[in-house]
Number of protein chains: 2
Amino acid sequence: MNITEFAKAAGVSKSAVSRYFNDGYLSEEKRRLIEAAIEATGYAPSVQAQNVRTRVTKLVGVIIPKLSSESCAREVEGISQVLSEQGYQLLLVNSANDPKKEVEYLELFRSNRVDGVIFLASVFTPLHDAVLKKMRVPVVIVGQEYKGANCVCHDDYKAAYTAEKLMLDKGCKKPAFIGVTEQDKAAGQARKDGFLHALSDNGINIEKSDMQTAEFKMDSGYKKALTLLRSGRRYDHILCATDNLAAGALLACREQGLKVPEDIMIAGIGDSQLCNVTSTPLTSVHFHYRTAGIEAAQMLLNSLKRESSIPRTLTLGFELEERESTEKKCETV
Amino acid sequence: MNITEFAKAAGVSKSAVSRYFNDGYLSEEKRRLIEAAIEATGYAPSVQAQNVRTRVTKLVGVIIPKLSSESCAREVEGISQVLSEQGYQLLLVNSANDPKKEVEYLELFRSNRVDGVIFLASVFTPLHDAVLKKMRVPVVIVGQEYKGANCVCHDDYKAAYTAEKLMLDKGCKKPAFIGVTEQDKAAGQARKDGFLHALSDNGINIEKSDMQTAEFKMDSGYKKALTLLRSGRRYDHILCATDNLAAGALLACREQGLKVPEDIMIAGIGDSQLCNVTSTPLTSVHFHYRTAGIEAAQMLLNSLKRESSIPRTLTLGFELEERESTEKKCETV
DNA sequence: CTGAAAGCGCTAACAG
DNA sequence: CTGTTAGCGCTTTCAG
């Protein structure tokens, strides 16, 4: 059923129907007529046709690298919450961590179909730069800093710094680190930098071999920890760039007969659900993922209202969650 | 830029451009002309306008109760994978477990905007029945059985039966159960039924107070387990309807000084990542969530092709993952 | 193989 | 407050 048929059924004109669904410059009588007809027929206007006319789709494209990751899921929840309140819907695409797909989707969204884009980013390539420059709809980037675009990100550097400092303050002296690829400026580079600066601020040296680069999964954390532990160097703490990695490291330590935290402390970053259920609960840094999603959505909404505005970067704070895995060593009585 | 402007720029007619992007009844020469112009201008046809004409949106609505749940996230990943291969995109809405919102979104999708709907369901109300009956686009329901609709679900009954039987076979005699609301036919009722039938098949009796109903979170599992343990009745195993609950129960047991599995065995259902990192790794039933998403998407694709077809229900199998939490008690030497 | 022309369902001036 | 009218950008007959 289309608007013309419906108008006839309701006994009013097309325009009246249109007005009913839009501004509403309408007499009470017609309004009632239309309401009754809707009840009877179940008519609803075609969004696509509205789109063609008005040029707004009420759709926001969301590009995510991996849905089954706690942090992404929470960010998307935040995004979804504020956007749906404003009558927007999410067009969700999964890039599966494939940079080519990310670019492809950005391309798809570039001039079409959506009013704006929220991009949960991890790694940027020159291709990204090219397509981001050409976007005709506003874009908000979440999780990474990106010059010239609206960004919402976490304070990865300080988070790592703080977690490492905690362990040093508790008397640790022999640091090890399990990180992720530095192509990821946030989770890779910034967290490593934070770790290193905490060390240098405390006059502690470290060798290259004390730092491992893992993939984003527990299993990889386990293997890298094993490499560290078997190296012969005796570490008294390990900072891991993610909780999954920390959980893996914890497993490795126990297998090697090391007690956590007595023999070796471990901390992660992200404060995922994992941290509370591991054999030894894991100290971690809590990031506000849901809030990041909320802020990103609001930022996008703002760009959608006022036309051009100056790009802003919002950096969210964090909380250090101390748990058993970094509990103070036996106090000197 | 619209098709008319673009056609002019390319030096061809509107129809030629349209044909280029559709069937392609076109001479090589024009084809090249158009390709060059695309390269130069970056033109892409407006999907909305195409939609109005063709009546297909290449959009599938996906209704989920909670994104930050491992099972949902995996199902959506499966859905996304096959649908995006076929050129469909996901319109994702989060019902936040609110039945009213679910109905609202179904309503929204009923006759509009999307070509089909995939509904990750938990609880059905009469309102659901009403709106589902009125849907004009194909719907696939995931995670629940629903008469008269296409469904993909897990074998909740047998899963619970199998997990319980495992513990009975290992010599357990005093069962306890922590479940979820029976309004949820799958995770609530079917799992409880499976548990109860395993008991009766083995001639074991149980009292009402041995069974608790929790909410879907770890914390709730913890509390309910505490209630059980403090009741004075001495249980030798607990079956939990979800892994989160099992993780909570595990915590409670340890706090009460019970060793798992020596003093008490615990098993969950869902085989989430949790199970591998808990202090005692948790036995659980592995469901094929990702596969469920894939199957649901394919089912929808089928309905989209051939018009009316008979509703089908696909029940996926499972695997019992035995871990330390149900390891055999000290063998009688 | 091709262009002209007639809509798809809707909104937004415009003149009452 | 209301109906008429002219498109939005595209696809698809139809007659070449």
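Note that this is a predicted model, so its numbers are computed, not measured.

A. Region of interest: the packing of aromatic side chains. Residues and elements named next belong to chain B. Overall, the coordinates contain 18 aromatic pairs over all chains when judged by the stated rule. Consider the rings of phenylalanine 6 and tyrosine 43, whose centres lie 4.4 Å apart with planes at 15 degrees: the pair is stacked. Here phenylalanine 6 is found in helix 1 (residues 3-10), whereas its partner tyrosine 43 is found in the loop between helix 3 (28-41) and helix 4 (47-54), with 37 residues between them in sequence. With respect to class, phenylalanine 6 is no different from tyrosine 43; both count as buried.

B. Highlighting the packing of helix 4 (residues 47-54) of chain A against helix 4 of chain B. One way to put it is that helix 4 of chain A packs onto helix 4 of chain B with a least axis distance of 8 Å and a crossing angle of 135 degrees. Viewed along their axes, helix 4 of chain A and helix 4 of chain B adopt a mutual orientation that is oblique. Relative to helix 4 of chain B, helix 4 of chain A is oriented so that their crossing is left-handed. Within the contact between the two elements, helix 4 of chain A uses Gln48(A), Ala49(A), Asn51(A) and Val52(A) and helix 4 of chain B uses Gln48(B), Ala49(B), Asn51(B) and Val52(B).

C. Spotlight on the relation of the copies chain A and chain B. Mapping chain A onto chain B calls for a rotation angle of 180 degrees and an axial translation of 0.1 Å; the resulting RMSD is 0.1 Å. These values place the two chain copies in the arrangement generated by a two-fold rotation axis. Among all C-alpha atoms of chain A, that of Ser279(A) lies closest to the rotation axis, at 1.7 Å.

D. Region of the structure containing the sheet that holds strand 6 (residues 175-180) of chain B. Residues and elements named next belong to chain B. Read across the sheet, four strands follow the order 7-6-8-9 without closing on themselves; strand pairing throughout is parallel. Every interior strand has two partners, whereas the edge strands, strand 7 (211-214) and strand 9 (265-267), have only one. If you compare each strand with its neighbour and ignore which way they point, the axes differ by 15 degrees on average. Examined bridge by bridge, strand 6 and strand 8 (residues 237-240) share four bridges and lie parallel to one another. Looking at strand 8, one finds that phenylalanine 177 is bridged to leucine 239. Those strands touched by helix 8 (residues 156-169) are strand 6, strand 8 and strand 9, and its axis lies near 170 degrees from that of strand 8. Its contacts with the sheet place helix 10 (residues 218-230) against strand 6 and strand 7, and it is angled at close to 160 degrees to strand 7.

E. Geometry of the protein's contact with DNA strand C. Surrounding DNA strand C, one finds 24 residues, the nearest of these being Ile3(A), Gln50(A), Arg19(B), Arg53(B) and Arg55(B). The share of sugar and phosphate among atoms of DNA strand C within 4 Å of the protein is 56%. Gln50(A) has a polar side-chain atom sitting 2.6 Å from a phosphate oxygen of DNA strand C. Contacts to DNA strand C include Arg53(B), whose side-chain N or O atom sits 2.6 Å from a base nitrogen. Split into classes, the residues belonging to the surface near DNA strand C amount to seven nonpolar, 10 polar and seven charged.

Calculation rules
Residues numbered from 1 in each chain as written. Chains lettered and ligands numbered in written order. Predicted model: local features only at pLDDT ≥ 70, side-chain atom pairs only at ≥ 80, totals over all residues. Heavy atoms only, no water. Phe/Tyr/Trp six-rings, centres within 6.5 Å; stacked < 30°, edge-to-face > 60°. Helix = DSSP H or I, 4+ residues; strand = E, 2+ residues; numbered from the N terminus. Buried < 20%, exposed > 50% of the residue type's maximum accessible area, 1.4 Å probe, protein only. Axes fitted to C-alpha atoms, helices over the stretch in contact; angles between N-to-C directions. Parallel < 35°, antiparallel > 145°, perpendicular 65-115°, else oblique. Left-handed = near helix turned anticlockwise from the far one by under 90°. Contact = heavy atoms within 4.5 Å. Least-squares fit on C-alpha atoms with pLDDT ≥ 70 in both. Pairing = 2+ DSSP bridges. Near = heavy atom within 4 Å. Polar contact = N/O pair within 3.5 Å; in protein donor to acceptor, adjacent residues only side chain to side chain. Nonpolar A, V, L, I, M, F, W, Y, C, P; charged D, E, K, R; others polar.

That is the geometry; function is a separate question.
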